Amino acid sequence: MAEMQPPAFFSDPVSVAIVIAAVVIVGMSKGGLGGAMGIFGVPLMSLVIPPIKAAAIMLPILLLMDAVSLTKWWGGWDKRTLRALLPGAVIGITIGWLAAAVTSDAMVRLLVGVVALVFATRTALSAMRKSPPVKSGHRPILASICGTIAGFTSFVAHAGGPPFQVYVLPLRLEPTHYVGTSVAFFAIINTIKVAPYAALGQFETENLVASAAMIPIAILATLAGAAIVKRMRAEVFYPIVYTLLFFVSLKLIYDGATALLS
């Protein structure tokens with residue numbers, strides 16, 4: 001039997017450092033320190049690994065982080081919000097699966113970035129006018145749209161955070177309920193994604209070896225994120241989330257537009 005070889009990028013210290021940084025950022029995000037942070041994971045890894053391979057390596061790590069996060073936030077989710085978003089998310093995952101062979105990562109990043117930027121800018125302008133935070137109730141049509149986009153972008157690029165936030169942040173949930181709902185939502189859709197990823201042949205041995213090597217870092221980063229967010233007040237928590245969303249949107253727009261124009 002041939003000896004199993006480590007992933008090729010393991011031989012390059014710079015590549016290993018970038019992959020570790022991506023896992024740490026995603027882990028902090030999954031632990032609760034701003035879901036928008038997690039969007040940087042696959043793009044960072046894509047600097048040294050092809051994007052599809054990066055997404056395949058990240059999915060088992062995300063599933064592990066989900067399991068750790070659920071132990072910290074069990075029962076803290078808002079059931080009504082999950083019921084509103086999950087049907088659309090399933091549709092979005094199905095669309096992503098069917099379109100995986102032809103979907104442009106650049107177009108997806110551009111779309112998600114524009115949606116996030118519009119929302120973050122609207123929030124910033126409202127704060128500058130010293131108007132009270134905009135709060136809205138549940139809107140079934142918007143929930144279906146945001147859920148579908150979140151499911152689709154999560155499948156193709158693990159970038160479902162901004163659509164989720166576009167719908168959930170105006171609900172003004174308590175920080176712990178917001179994080180609990182986010183953890184539960186993405187744990188569910190990441191689990192659903194396993195079957196279509198396997199059907200696309202993404203769980204090859206090299207990818208799984210790379211995922212396993214990142215497990216200790218993933219656990220520590222997720223626990224660190226949960227510990228930090230539980231010590232934040234609401235008036236501190238939400239500005240941080242909005243700021244992260246703004247900068248992530250600029251990053252996604254830049255990456256998407258540059259790739260499409262090249």
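How each quantity is defined
Residues numbered from 1 in each chain as written. Predicted model: local features only at pLDDT ≥ 70, side-chain atom pairs only at ≥ 80, totals over all residues. Heavy atoms only, no water. Helix = DSSP H or I, 4+ residues; strand = E, 2+ residues; numbered from the N terminus. Buried < 20%, exposed > 50% of the residue type's maximum accessible area, 1.4 Å probe, protein only. Contact = heavy atoms within 4.5 Å. Areas by Shrake-Rupley, 256 points an atom, 1.4 Å probe, with all protein chains shown as cover. Salt bridge = Lys/Arg side-chain N within 4 Å of Asp/Glu carboxyl O.

Peer 1: Would you take a moment to explain the overall build of the chain for this structure?
Peer 2: Secondary structure assignment for the chain yields 11 helices and zero strands. Counting from the amino terminus, helix and strand elements in the chain follow one another as α-α-α-α-α-α-α-α-α-α-α. A burial count over the chain gives 48% of its 262 residues as buried. Taking the contacts inside the chain whose residues are at least 6 apart along the sequence as the reference set, 85% of them involve residues at least 24 apart. Total accessible area on the chain is roughly 12200 Å²; 71% of this is exposed by carbon and sulfur atoms.

Peer 1: Quick question: what am I supposed to make of the pattern of salt bridges here?
Peer 2: Side chains that carry opposite charge are capable of pairing whenever their charged atoms lie near each other. For the structure on display, the rule yields one salt bridge. The partner of D255 in a salt bridge is K251, with the nearest N and O atoms 3.4 Å apart. Placement of both D255 and K251 in helix 11 (residues 234-261) is noted, with a separation of four residues, approximately one turn of the helix. With relative accessibility at 34%, the residue K251 sits in the partly exposed group.

Peer 1: I would appreciate a short explanation of unusual backbone geometry in the present structure.
Peer 2: Of note in this structure, R172 is not a glycine but carries a positive phi near 55°. Looking at the secondary structure, you find R172 in the loop between helix 7 (161-168) and helix 8 (175-199). Residue R172 is classed as partly exposed on the basis of its relative accessible area of 27%.

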